[in-house]
Amino acid sequence: MGPWEIVERKGSEEIAVVYLLRSRQDPEVFVECVESLDPPTPPEEKWVVTLSSQKGCPAKCVFCDASFYYKGNLSEEELLGQLESILNGHRDDDRMKSRKIKLHLARMGEPSFNDNIPGFLEEVKERYPEVPFIPAIATIGPSGREEWFGKLRSLKDEYFGGGFFQLQFSMNTTDEDFRDGIMPVRKMTFRQISSFGKGWVLPGDRKVTLNYALFSDAPFRAENIISLFDPSNFLVKLTPMNPTAASSTKGMASDINFDGTVSERVLGEKGKLERAGFEVIVSIGSLEEIRTGSNCGQLAFARLAKERREQGIISPGGSDDEKSFDDRRF
């Protein structure tokens, strides 16, 4: 018996399935993981498995639903248990034989705060030597975690070189003061991220991704990227601001929409970046996937809030739910 009980599976295997897992040791700990496809790419070509790295999240980014509680890091056993909760349903089908399986640590939690992540990835490589996992780490780049990032770089070079590792920094704006306001933890400066990327990318490696989930109030100027980052080491990804409860209640209107439309200001800055030699990807996920509640923390929050109401700990109704999102902690 593993560390997790699957309490809910939501979605469609043709698009995405979100798993809500409850800890067998602490019934008030929930985490989420996801398996998804990238239509029209068939599953034998690409499959994405997205895992949580922490029990909730301490970062309190203002647009995210995963910070409503924080109960610590996931152990290597708990990380592996998440992965196997998904893999166990596909032992005999083509997904385990996919040409490219992206193992994305980008769900609940900030992966660089968890010292168990490098050991988990090493264990994955040892347990599944024939499976073409591509670890993908999405991080806000906290400061003071240089040793962790160094271990990650060594792991990439030893086990996942030649393009089998993806590192992404969640930037979301080109203004550092504004970034501190929406992501209120101590972080690497833009200049420090730039320096780190120069040492990260070896011949054959994937470039480091600078991800901007843009909303209309977020400053975004191509010149700030061009002046600091080298297009031989970095690419730029532009994505919608996901419609989480947190972003919706704060009126954070996305500059990139799920119907494929992009604001004029973003299109203009995109053109400047491309003329400066940057590869720019506009990545728009499936609206059907969003409708499954696939944004970080949504299912976990809803389940825990429901159980708390049933226990009489918080009263039923929308106002308490909204307050819980604002406080980000029960």
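As the structure is a computational prediction, the values presented were derived from the model and not from experiment. (Residues numbered from 1 in each chain as written. Predicted model: local features only at pLDDT ≥ 70, side-chain atom pairs only at ≥ 80, totals over all residues. Heavy atoms only, no water.)

A few words now on the sheet that holds strand 7 (residues 101-105). Here we have 10 strands laid out as an open sheet, ordered 1-2-3-4-7-8-9-10-11-12, and mixed in their pairing. Where the open sheet ends on each side, the last strands, each with one partner, are strand 1 (4-12) and strand 12 (280-282). Put simply, the sheet's adjacent strands are angled 20 degrees from each other on average, direction ignored. Of the pairings in the sheet, the one linking strand 1 to strand 2 (residues 16-23) comprises eight bridges and is antiparallel in character. (Pairing = 2+ DSSP bridges. Helix = DSSP H or I, 4+ residues; strand = E, 2+ residues; numbered from the N terminus. Axes fitted to C-alpha atoms, helices over the stretch in contact; angles between N-to-C directions.)

In this section: helix 5 (residues 190-200). When helix 5 is considered as a whole, its buried residues turn out to be Phe190, Ile193, Ser194, Phe196, Gly197 and Trp200. Mapping the buried residues of helix 5 onto a view down its axis gives an arc of 165 degrees, with all of them on the same face. In helix 5, the exposed residues that point more than 90 degrees away from the buried face are Arg191 and Lys198. Residues of helix 5 that are buried make contact with helix 3 (146-159), strand 9 (166-170), helix 4 (176-182), strand 10 (208-214) and strand 11 (234-240). (Buried < 20%, exposed > 50% of the residue type's maximum accessible area, 1.4 Å probe, protein only. Arc of directions from axis to C-beta. Contact = heavy atoms within 4.5 Å.)

To continue, consider the packing of helix 2 (residues 117-127) against helix 3. Packed helices, taken two at a time, are described by the angle between their axes plus the distance between the axes. Running from N to C, helix 2 and helix 3 point in directions that differ by 15 degrees, and their axes come no closer than 9 Å. Accordingly, the angle class assigned to the pair helix 2 and helix 3 is roughly parallel. By crossing handedness, the relation of helix 2 to helix 3 is classed as left-handed. Between helix 2 and helix 3, the residues in contact are Ile117, Pro118, Leu121, Glu122, Lys125 and Glu126 and Trp148, Lys151, Leu152, Leu155 and Tyr159, respectively. Its residues assigned to classes, the contact of helix 2 with helix 3 shows seven nonpolar, no polar and four charged. (Parallel < 35°, antiparallel > 145°, perpendicular 65-115°, else oblique. Left-handed = near helix turned anticlockwise from the far one by under 90°. Nonpolar A, V, L, I, M, F, W, Y, C, P; charged D, E, K, R; others polar.)

Taken residue by residue, the chain gives an average pLDDT of 87. The fraction at 70 or more is 87%. Within the model, pLDDT remains below 50 along residues 315-330, and this stretch shows 38 contacts once partners closer than five positions in the same chain are excluded. (pLDDT = per-residue confidence, 0-100.)

The next thing to look at is the side chain of Ser170. Mapped onto the fold, Ser170 is located in strand 9. Accessibility expressed as a relative area gives 15% for Ser170, which makes it buried. When near neighbours in sequence (up to four residues on either side) are disregarded, Ser170 contacts Thr139, Ile140, Arg179, Met183 and Asn211.

Right, let's talk about the pattern of salt bridges for a bit. In total, this model carries 20 salt bridges according to the counting rule given. Among the ionic pairs, Glu13 bridges to Arg9, the shortest N-O distance being 3.4 Å. Classification of Glu13 as partly exposed rests on a relative accessible area of 36%. You can call Arg9 partly exposed: its relative accessible area is 45%. The partner of Asp205 in a salt bridge is Lys156, with the nearest N and O atoms 2.6 Å apart. Note that Asp205 is positioned in the loop between helix 5 and strand 10 and Lys156 in helix 3, a separation of 49 residues in sequence. Residue Lys156 is classed as buried on the basis of its relative accessible area of 1%. One salt-bridge network, in which partners are shared between bridges, spans Arg221, Glu223, Glu269 and Lys272. (Salt bridge = Lys/Arg side-chain N within 4 Å of Asp/Glu carboxyl O.)

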